[in-house]
Amino acid sequence: MDIEQSSRKRKLSDLELSDDDPDTSLPAKRPDQELFPEIPVNTVDTFRSDLSGAGDATDFCELFEDNHDNGSDQPTNNTTPAIDDAFTPASIDDSEDTAYSSPVALQHPTVWAKTRSALCDALPYFRCHEGGNYHIDRVTLGLLLDSNGSPRDYMDGTVIITAVGGGRVAIDKTGKRASVEDQDESARNYQYLKATMPNQNASDESPGRTVVVIAGKNNDHANVSEEYCVLGEYQVTDLWLEKFPDSVQTSVAVASWMVRLEKVEFNKSSWFKPKSTSHDVVAGQYKCPSLECISCGKESKQIYDKGWACLHNTCARAFIFQVVSNGQVEERRLGFNEIQYSAEFLYERTLLPAEATRQDLIPPLPTIDNSISFGTEAEFKRGMVCPLCKCASRRISWHGWKCENTESCNFTHMVQTRPYPLQEIARETRKVKSRYKQGSFTDSLVKCYDRLLEGYATQVYTFPDEAGQTCGTAIVLRATEEICAKEDGPDALYMAMQDRNVDLKLERSAARHTGKRHEELCSHFTSNFGAPYKFGVAVKTVAFRDAPEPILRGVSQLSWAQRVSIEDTKSMIEEEGITYSSTSMTLKSEPFNELLALGYFESSVINYHDDGEKDLGPTVATLSLGSPSIMRFRPKKKSKVGPEVKNLRSLKPAVVSIPLYHGDIVIMHGTELQKNYEHEVKPKGKLRFAMTSRYIMSNSWSEERRQDTMEKSKLPLDFEKLAYGGVTIDIQS
Ligand SMILES: O=C(O)CCC(=O)C(=O)O
Ligand SMILES: [Fe+2]
């Protein structure tokens, strides 16, 4: 025991701690600029190359949100002390020095975003729509602090100290979450942050990398003026477990990881810090001592002002502070509010290793190199950072990027895409044909009948309702090469849709995402022509009379396809003796008065949905142009068709999967088909268009809305000359 005491004393004496004035040992500050150390400037690695090279790289977001990604399920604790109460280090006179006050925006943010989806679309270091710790291959690239995490969080213009987060579980039925178990080295957020530090990777030779920190408006410490602002490029300097018996977050002491981040360019003032003097501190001026524990033999830094404690949670002496009182060292357990971070810890500065990987805070504007790219590759759907006002903006328009800061900036970055040729489509088609079997069934519910329809080889899929009778059909008309090459056929239509002079008005709309907290954009681009209609998402409508010719040709071709396929279905039902629901399948062609155009870049999809909105006729017809795709149908989880689901979270598997090729037409018929089943379409190439026509019934609408619908669905007088297969449409009914 005596030996222990003396050894402890020896180590503490190294700190030169004095009981009455713990800071007299601190060296005087040297704010003279000339003494600032040179910050190494390394070759900047752009993340675009990280991502494009990351074929199977794990690109993920971790649930840092327990503490940082502000959400409705954040536990509120009225007893939480204000940060200033919890945190005013006594050792520093803060009457002049504002290093300890919460930063307030000084200048224009380096990069900012109005929405989470813009942030994630535009910034390569934070492609993380949920969660707050974005990592690739288990190494953090970006952190979002969008709430007040631990009451012990700290932020000045240079240093951020915050809880690492993760590991919380719901502790009651209201969804309140809290940490109930000690965190340890298996905590993922800890691991990914640790991996950014030099020599932490498996090879042990990684040079380390920087982490970009973003603050959201819900974080009171950063006090940023915009919804999301990039604070800067930081390095992780310390990770340690904090455990106090009276933590205000939980009634029991739970060890939680904390992280200290230090701005890489620590000698420059931050845009978000007003009178910070913290950037006057130079490397080496303050040194936070590190001591070896006499019990476990592991080192811990003295990061708190009251004294040193072993920070290794498994050690018998963990969090027992060695406090100097009247020249004696006492061992004490201290409460959460009794200690603060030491000045040495806050003011320590760390030079970034020269070989560490840096990050570009402002990614370059997307450029399409017409010799190697078409402009429809997945990366061009990403956002941009406006070079004028630095607003992170999403790719909303088909034709290019527009700054989303529309109130005070009108920057646009329009691009000319290179037409994606039919030869490329043929190549993609061959690849899909070799991989996917036509209509590969995953369930015996759906039956398929082969038909021949005016030169189109046709498959008719019949879908049963819960009673087993057919409630709907999906009729797939396969276009032959000959059909595609016709003067008004799919090839000509596909090329016309890419014509620079044709504006299809395609845009990405805000999508509904059940269970997601943040607004997202649909992955595909849409525009609506003819009768206005809200398909779950709001899409702008253009009257048929103002529609470009390819759209009108689409309406014409789909109207033709509806007529011939419904006629054939009647014969097929008779020939095959199929029992069907006549309330669902009227077997009548309705005049299409609307067309929804869809544009898909590489990796765009339309997720599972139904086309059974109110006031829609029983038939929905789609023409596919360009890249092949896979269409799947599955019974809805609430439908009695198909296997029963265990709970409402589990989904039913697809019952049929249908590859669709350039020129193919799918006609879904039957209102009950849409009630019982849903469908998705996943393109397998770089450019696909779909044109979907419906009949929208406006009888029950107000006179004004009805008139508007009638007006917008009037076809131009010369429409007849575009008629496919001689089908004219009577819209006036
Ligand atoms: O892109 C497609 O083929 C399908 C589009 C679709 O499902 C729709 O417009 O509702
Ligand atoms: Fe659909």
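Residues numbered from 1 in each chain as written. Chains lettered and ligands numbered in written order. Predicted model: local features only at pLDDT ≥ 70, side-chain atom pairs only at ≥ 80, totals over all residues. Heavy atoms only, no water.

K.L.:
What is the right way to look at the overall build of the protein chain in this model?
P.N.:
Of regular secondary structure, the protein chain possesses twelve helices and 35 strands. Relative to its full complement of 733 residues, the protein chain shows a buried share of 56%. Contacts spanning at least 24 positions in sequence make up 71% of the contacts within the protein chain whose residues lie at least 6 apart. Carbon and sulfur atoms provide 48% of the accessible area of the protein chain, an area that totals close to 32100 Å². (Helix = DSSP H or I, 4+ residues; strand = E, 2+ residues; numbered from the N terminus. Buried < 20%, exposed > 50% of the residue type's maximum accessible area, 1.4 Å probe, protein only. Contact = heavy atoms within 4.5 Å. Areas by Shrake-Rupley, 256 points an atom, 1.4 Å probe, with all protein chains shown as cover.)

K.L.:
Would you take a moment to explain the coordination of the iron ion (ligand 2) for this structure?
P.N.:
Note on metal geometry: ideal angles are 109.5 degrees for four donors arranged tetrahedrally and 90 or 180 degrees for six donors arranged octahedrally. Donor atoms from the polypeptide that bind the iron ion (ligand 2) are H609 (NE2), D611 (OD), D611 (OD) and H679 (NE2), placed at 2.1 to 2.7 Å. In this structure, the iron ion (ligand 2) is coordinated by six donor atoms arranged in irregular fashion, with angles at the metal of 50 to 172°. Overall, H609 belongs to the partly exposed group, its relative accessible area being 21%. Taking relative accessible area as the criterion, H679 reaches 3% and is therefore assigned buried. (Donors = N, O, S within 2.8 Å, 3.2 Å for Na, K, Ca; no water. Tetrahedral: all angles 85-135°; square planar, octahedral: opposite > 155°, others 65-115°.)

K.L.:
How do you make sense of the side chain of N189 when you look at a structure like this?
P.N.:
The topology assignment puts N189 in helix 5 (residues 188–194). N189 sits in the buried class, given a relative accessible area of 4%. Separated by 3.0 Å, the side chains of N189 and N133 make a polar contact. (Polar contact = N/O pair within 3.5 Å; in protein donor to acceptor, adjacent residues only side chain to side chain.)

K.L.:
Explain the confidence of the model for the protein chain here, please?
P.N.:
Predicted coordinates in regions of low pLDDT should not be interpreted in detail. Counting all residues, the mean pLDDT for the protein chain is 81, and 78% of those residues have values of 70 or more. Below pLDDT 50 for its whole length, residues 62–67 participates in 41 contacts with residues either more than four positions away or in separate chains. pLDDT under 50 marks residues 70–103. Its contacts with residues more than four places away, or in other chains, come to 75 contacts. Our summary of model confidence lists the complex with pTM equal to 0.81 and ipTM equal to 0.99. (pLDDT = per-residue confidence, 0-100.)

K.L.:
Looking at this model, I keep getting lost on the environment of D156. Mind explaining?
P.N.:
Of note, D156 is situated in the loop between strand 5 (154–155) and strand 6 (159–163). Only 2.6 Å separates the side chain of D156 from the backbone nitrogen of T158, close enough to count as a polar contact.

K.L.:
Help me out: how do you make sense of the packing of aromatic side chains in this one?
P.N.:
The geometry of two aromatic rings is summed up by the distance between their centres and the angle between their planes. Taken as a whole and judged by the stated rule, the model has 19 aromatic pairs. When the centroid spacing of 6.1 Å and the interplanar angle of 90° are considered together, the rings of W240 and Y341 count as edge-to-face. You can see W240 sitting in strand 10 (residues 228–242) and its partner Y341 sitting in the loop between strand 16 (328–333) and helix 6 (343–347), a full 101 residues away along the chain. Of the two residues, W240 and Y341, both sit in the buried class. Pairing Y456 with W560 gives two aromatic rings, centres 5.5 Å apart and planes at 40°, and the pair type is tilted. You can see Y456 sitting in strand 22 (residues 456–464) and its partner W560 sitting in helix 10 (residues 549–576), a full 104 residues away along the chain. With respect to class, Y456 is no different from W560; both count as buried. (Phe/Tyr/Trp six-rings, centres within 6.5 Å; stacked < 30°, edge-to-face > 60°.)

K.L.:
Is there a simple way to think about the UniProt feature "binding site: 2-oxoglutarate" (unreviewed entry) in the protein chain in this case?
P.N.:
Under the feature "binding site: 2-oxoglutarate" (unreviewed entry), the UniProt entry names Y600, H609, H679, R688, T692 and R694. Examined against the element boundaries, Y600 turns out to sit in strand 28 (residues 594–601). In contact with Y600, not counting residues within four places along its chain, are W398, H524, V605, I606, P683, K686, L687, R688 and A690. Following the sequence through the fold, R694 ends up in strand 35 (residues 687–696). Its relative accessible area of 4% is what places R694 among the buried residues. (UniProt positions renumbered as here; feature names shortened; annotations may be inferred.)

K.L.:
What is the right way to look at the site of ligand 1 in this model?
P.N.:
Y600, H609, D611, R688 and R694 are the nearest of the 13 residues found near ligand 1. At 3.1 Å, a side-chain N or O of H679 approaches an oxygen atom of ligand 1. Take T692: an N or O atom from its side chain is 3.2 Å from an oxygen atom of ligand 1. Computed on the free molecule, ligand 1 has an accessible area of 290 Å², of which 98% lies beneath the protein chains in the complex. Of all the elements, strand 35 adds the most residues to the shell around ligand 1, at four residues. Residues belonging to the shell around ligand 1 are distributed by class as follows: six nonpolar, four polar and three charged. (Near = heavy atom within 4 Å. Nonpolar A, V, L, I, M, F, W, Y, C, P; charged D, E, K, R; others polar.)

K.L.:
When you look at the domain arrangement of the protein chain in this model, what are you seeing that I'm missing?
P.N.:
One frequent convention defines the size of an interface as the accessible area lost when the parts assemble. Looking at the protein chain, the domain boundaries give domain 1 (111–278) and domain 2 (448–483 + 490–514 + 525–641 + 654–722). The C-alpha centroid of domain 2 is placed 46 Å from the C-alpha centroid of domain 1. (Domains from an automatic or database assignment.)

K.L.:
Explain the pattern of salt bridges here, please?
P.N.:
Once the charged atoms of two side chains with opposite charge are near each other, the side chains can pair. If you walk through the whole model with that rule in mind, you get 33 salt bridges. Residue D610 is joined to K636 by a salt bridge in which the shortest nitrogen-to-oxygen separation is 2.6 Å. Pair noted here: D610 is in the loop between strand 29 (606–609) and strand 30 (616–626) and K636 is in the loop between strand 31 (629–635) and strand 32 (656–660), with a separation of 26 residues, a long-range link. Taking the relative accessible area as the measure of exposure, D610 reaches 24% and is therefore partly exposed. Judged by its relative accessible area of 18%, K636 is buried. In the salt-bridge network here, residues are joined through shared partners; they are E233, E265, K268 and R358. (Salt bridge = Lys/Arg side-chain N within 4 Å of Asp/Glu carboxyl O.)

K.L.:
What's the story with the pairing of strand 11 (residues 256–263) in this structure? I'm lost.
P.N.:
Across a regular strand the side chains alternate sides, sitting on one face of the sheet and then on the other. The buried count for strand 11 comes to eight of eight residues, which makes it a mostly enclosed element. Residues of strand 11 alternate between two faces, with S256, M258, R260 and E262 on one and W257, V259, L261 and K263 on the opposite face, all of them buried. The pairing of strand 10 with strand 11 spans eight bridges and is antiparallel. Bridge pairing in strand 11 places E242 opposite S256. (Pairing = 2+ DSSP bridges.)

K.L.:
So what exactly am I meant to see when it comes to the packing of helix 9 (residues 490–497) against helix 10 here?
P.N.:
The description of two packed helices rests on the angle between their axes and on the distance between the axes. Between helix 9 and helix 10, whose axes approach to 10 Å, the crossing angle comes to 150°. One element, helix 9, and the other, helix 10, form an angle in the roughly antiparallel class. Of the two elements, helix 9 crosses helix 10, and the hand of that crossing is left-handed. Mapping the contact onto sequence places P490, L493, A496 and M497 in helix 9 and P550, R553 and Q557 in helix 10. The residue makeup of the contact of helix 9 with helix 10, split by class, is five nonpolar, one polar and one charged. (Axes fitted to C-alpha atoms, helices over the stretch in contact; angles between N-to-C directions. Parallel < 35°, antiparallel > 145°, perpendicular 65-115°, else oblique. Left-handed = near helix turned anticlockwise from the far one by under 90°.)

K.L.:
Quick question: what am I supposed to make of helix 7 (residues 422–435) here?
P.N.:
Residue pairs spaced three or four apart in an α-helix point in one direction, given the helix's 3.6 residues per turn. Here helix 7 is 14 residues long and its end C-alpha atoms lie 20 Å apart, about the 20 Å a rise of 1.5 Å per residue gives. Taken residue by residue, helix 7 has I425, E428, T429 and V432 as its buried positions. Axial view of helix 7: buried residues confined to an arc of 105°, hence all on one face. Structural note: helix 7 exposes Q423, R430 and S434 on the side pointing more than 90 degrees away from its buried face. Those residues of helix 7 that are buried lie in contact with helix 9, strand 30, strand 31, strand 32 and strand 35. (Expected span 1.5 Å × (residues − 1). Arc of directions from axis to C-beta.)

K.L.:
I keep staring at unusual backbone geometry and nothing clicks. Help me out?
P.N.:
The bulk of non-glycine residues show a negative phi, and the bulk of peptide bonds are trans. In this structure, D137 takes a positive phi of about 50° despite not being glycine. Here D137 is to be found in the loop between strand 3 (133–136) and strand 4 (139–145). Residue D137 is classed as partly exposed on the basis of its relative accessible area of 43%. The residue N326 is not glycine, and still its phi comes out positive at about 50°. Looking at N326, the relative accessible area reads 69%, which means it is exposed.

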